[in-house]
Amino acid sequence: MTDTQTTAPPQPPAPQGPPPTQPPPDVESKGRFRFPSAFTVLVFLAVVMWALTFVIPAGEYKTNSEGGPIPGTYHEVPAPLNFKQKTEDLFLSPVNGLYGNEEAKSGYVEPEPSGPGFLFGSAGVFLFVLAIGGFIAVMFGTGALDRGIARLAYRVRDRGWLMIVAIMVVFSILGSVEGMSEETLGFYGLIVPLMLALGYDRMVAVGVIMLGAGVGVMGSTVNPFSIGIASGFAGVSIGDGIGLRLVMWIVLTAITIAYVARYAHRVLQTPGRSLVGFAPGDRERAAATASEAEPPALTDRHKLVIAGVVLTFAFMIFSIIPWAEIFSGSGAEPYSWELDWWFPQLTVLFIVAAVLLGILGGLGEKRITDTMSHGAADILAPALIIVFARGITVIMHNNAITDSVLHAMESVASGTSQAIFAPLIFLVNLPLAFLIPSTSGHATLAMPILAPLGDFANVSRSLVITAWNAASGWINLITPTSGVVMGGIALAKVGYDRYVRFIAPLLAILFVVTAAFLAGAALIE
């Protein structure tokens, strides 16, 4: 799913579809450096940020009616916390990151404020992520999606290029609307032998699966794990900027599909040009797989489940888009039929949808509840990453250094043309995305700074979100800190060095095209 740190769908009793995926193997040799997990990186960043509160002066901006900082109004203020309070703030940062409340009068965030306040923590996002996990677990648990992809692969088995296009389009759509990522690990056992049977190599299978879903995530339109969470922390609707993101998704997906199809054709015509070659028995085993009987047809239940999945995401898109602003301009009064839903309502939507999908799929009450529980449990890690990342934001907020950091970047942003600023956001987010592959964690950490920074450069917050998401998706196509990348190439038996060689030209193309999109969008805003 959208979040690159989520786990593969759970395997409920008597599962259908591909065999259960195993955790990505440890690709590091014993005794060699192993890159720390996102949790370790965030704990380290929290301690570093806490230390910086003793160095960075406290300060604040005056704000406008919408809460945005007013350029030129920054001024330093006395440090609000002493050493003991700073230390306690660090200790409580994960708790504040979940359900810390900002006191209305003082602005201080703590678990139990002494006066009236509002939620500053990420409890709403946390529950939403768990609900998504339960929904997707049920969706896969019915076997409908697995069966559908197997049927698609079988029908186009004699037209390899068409199978490449069809599967990549499906995976890209799922990546764009729900962040499909770790779920792809379950399809290597199905697609690798099919690709080999068609005369392609294992790298083609990796490209079809990993790049298909990955470019979809890079071109996310309404991905709740990236665009949704980033929009929440930026204070804009998830529907803002959807037009640009849709065009980017179409173009980036087309480029990626053409790239993989071109390589596949080259291997088919000249097997010696394969970057990975063919292991002994590859083609024999694959040919046997290809000669198997046609996969069972979709049952009526499967068709209902697939229709339910499509309707759920279609309704989600409808419920969050500000239709009046699209048709009547910014600030227009919402239409009477607009829902204007956000995390609370979307959380309930996916819980209800999961139950309905389970009923349509014939899972039964116990299996539905078990599958939803397992799905929520499997996605707990990225949900906690959001909490930890939000805790770092609380440290900055309580020590009044968020505006100070913003002020340090204000002069750069104010003096940078819009055409340069948007691609610059894309560029500067690449190293942070490398350290924190979780899109949701990355959004939670970076967006409170990046969104108002766009205000100084007269770049819309929705465009800042689009640039940030593209950076996160781009780096996660190759980063060795991603379990999707390392697990995928391990399952396909492809070396990381060969994968880097395969994808490097595509990364360069995507980088240039994305930068051009962002610069052009900034100029015409």
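Below is a summary of the structure that appears in this document. (Residues numbered from 1 in each chain as written. Predicted model: local features only at pLDDT ≥ 70, side-chain atom pairs only at ≥ 80, totals over all residues. Heavy atoms only, no water.)

What the protein chain contains, in helices and strands, is 22 helices and five strands. Looking at the 525 residues of the protein chain, the share that counts as buried comes to 54%. Taking the contacts inside the protein chain whose residues are at least 6 apart along the sequence as the reference set, 77% of them involve residues at least 24 apart. (Helix = DSSP H or I, 4+ residues; strand = E, 2+ residues; numbered from the N terminus. Buried < 20%, exposed > 50% of the residue type's maximum accessible area, 1.4 Å probe, protein only. Contact = heavy atoms within 4.5 Å.)

Another point: the sheet that holds strand 5 (residues 117-119). Judged by pairing direction, the sheet is antiparallel, and its three strands sit side by side in the order 4-3-5 without closing on themselves. Lying at the two open borders of the sheet, with one neighbouring strand each, are strand 4 (109-110) and strand 5. (Pairing = 2+ DSSP bridges.)

Right, let's talk about the pattern of salt bridges for a bit. A side chain of one charge can pair with a side chain of the opposite charge when the charged atoms of the two come close. For the structure shown, the criterion picks out two salt bridges. With its nearest N and O atoms 3.0 Å apart, the salt bridge here joins D370 to K366. Residue D370 and its partner K366 are located together in helix 15 (residues 365-378), separated by four residues, close to a single helical turn. Across the pair D455 and R461 runs a salt bridge whose closest N-O atoms are separated by 2.7 Å. (Salt bridge = Lys/Arg side-chain N within 4 Å of Asp/Glu carboxyl O.)

Between its first and last C-alpha atoms helix 4 (residues 123-141) spans 27 Å; for 19 residues at 1.5 Å apiece the expected length is 27 Å, and the two agree. After helix 4 finishes, the residue G143 shows a positive phi value of roughly 80°. (Expected span 1.5 Å × (residues − 1).)

Summarising the element assignment, S220 is placed in the loop between helix 8 (202-218) and helix 9 (224-234). On the basis of relative accessibility, which here comes to 1%, the residue S220 falls in the buried class. One polar contact links the side chain of S220 to the main-chain carbonyl oxygen of V217, over a distance of 2.5 Å. Discounting residues that sit within four places of it in the chain, S220 has contacts with G175, S176, S226, I227, R245 and N469. (Polar contact = N/O pair within 3.5 Å; in protein donor to acceptor, adjacent residues only side chain to side chain.)

At a closest axis distance of 12 Å, the pairing of helix 4 and helix 9 adopts a crossing angle of 165°. One element, helix 4, and the other, helix 9, form an angle in the roughly antiparallel class. The two elements helix 4 and helix 9 cross, and the hand of that crossing is right-handed. Residue-level contacts link V125, F128, V129 and I132 of helix 4 to P224, F225, I229 and F233 of helix 9. Each residue belonging to the contact of helix 4 with helix 9 can be placed in one class, and the counts come to eight nonpolar, no polar and no charged. (Axes fitted to C-alpha atoms, helices over the stretch in contact; angles between N-to-C directions. Parallel < 35°, antiparallel > 145°, perpendicular 65-115°, else oblique. Left-handed = near helix turned anticlockwise from the far one by under 90°. Nonpolar A, V, L, I, M, F, W, Y, C, P; charged D, E, K, R; others polar.)

Glancing now at the environment of I359. Along the polypeptide, I359 turns up in helix 14 (residues 343-360). Of the residues examined, I359 reaches a relative accessible area of 53% and is grouped as exposed. The spacing of I359 and R301 is 58 residues in sequence and 9.3 Å in space, taken between C-alpha atoms. When residues no more than four places from it in sequence are discounted, the contact partners of I359 are R301 and I368.

Quick look at a nonpolar patch on the surface now. Among the surface-exposed residues, F44, V48, L52, F54, V55 and F83 lie close enough to one another that they form a single nonpolar patch of about 580 Å² accessible area. When residues in the nonpolar patch are grouped by element, the largest group, three residues, is from helix 1 (residues 38-52). Along the chain, F54 falls in the loop between helix 1 and strand 1 (59-60). (Patch = residues over 30% accessible without salt bridge, like charges linked within 9 Å, V, L, I, M, F, W, Y side chains within 5 Å. Areas by Shrake-Rupley, 256 points an atom, 1.4 Å probe, with all protein chains shown as cover.)

Next up on the list: the nonpolar core. Core analysis: the biggest nonpolar cluster contains 126 residues, and M447, Y499 and F502 have the highest contact counts within it. Every residue in contact with Y499, bar those within four places of it in the chain, is listed here: M203, V206, M210, L211, L477, I478, V485, I489 and V494. Ranked by size, the runner-up nonpolar core spans 14 residues in total, among them M49, A389, I392 and I436. (Core = buried A, V, L, I, M, F, W, Y, C linked by side-chain atoms within 4.5 Å.)

With that settled, the discussion passes to the packing of helix 10 (residues 242-269) against helix 22 (residues 496-524). Interaxial distance between helix 10 and helix 22 falls to 11 Å at its minimum, and their mutual angle equals 160°. Considering the angle they form, helix 10 stands roughly antiparallel to helix 22. Regarding helix 10 and helix 22, the two cross each other, and that crossing is right-handed. Contact residues: helix 10 offers L244, V247, M248, V251, L252, I255, T256, Y259, V260 and Y263, while helix 22 offers F502, I503, P505, L506, I509, L510, V513, T514, F517 and A521. Taken together, the residues of the contact of helix 10 with helix 22 break down into 18 nonpolar, two polar and no charged.

With that settled, consider the packing of aromatic side chains. The final tally for this structure, using the stated rule, is 19 aromatic pairs. Here the aromatic rings of F54 and F83 are separated by 5.8 Å at their centres, their planes lie at 40°, and the arrangement is tilted. Within this pair, whereas F54 is found in the loop between helix 1 and strand 1, its partner F83 is found in helix 2 (residues 83-91), the two being separated by 29 residues in sequence. An aromatic cluster of three or more residues is present, and its members are F128, F135, F313, F343 and F350. (Phe/Tyr/Trp six-rings, centres within 6.5 Å; stacked < 30°, edge-to-face > 60°.)

With that settled, consider helix 15. Under the 1.5 Å per step criterion, the end-to-end length of helix 15 is 20 Å for 14 residues, consistent within 8% with the ideal 20 Å. Among all positions of helix 15, only R367, I368, T371, M372 and G375 are buried. The arc that holds every buried residue of helix 15, seen down its axis, measures 130°, which confines them to one face. Within helix 15, the exposed residues directed more than 90 degrees away from the buried face are E365 and K366. Considering only its buried residues, helix 15 is in contact with helix 4 and helix 14. (Arc of directions from axis to C-beta.)

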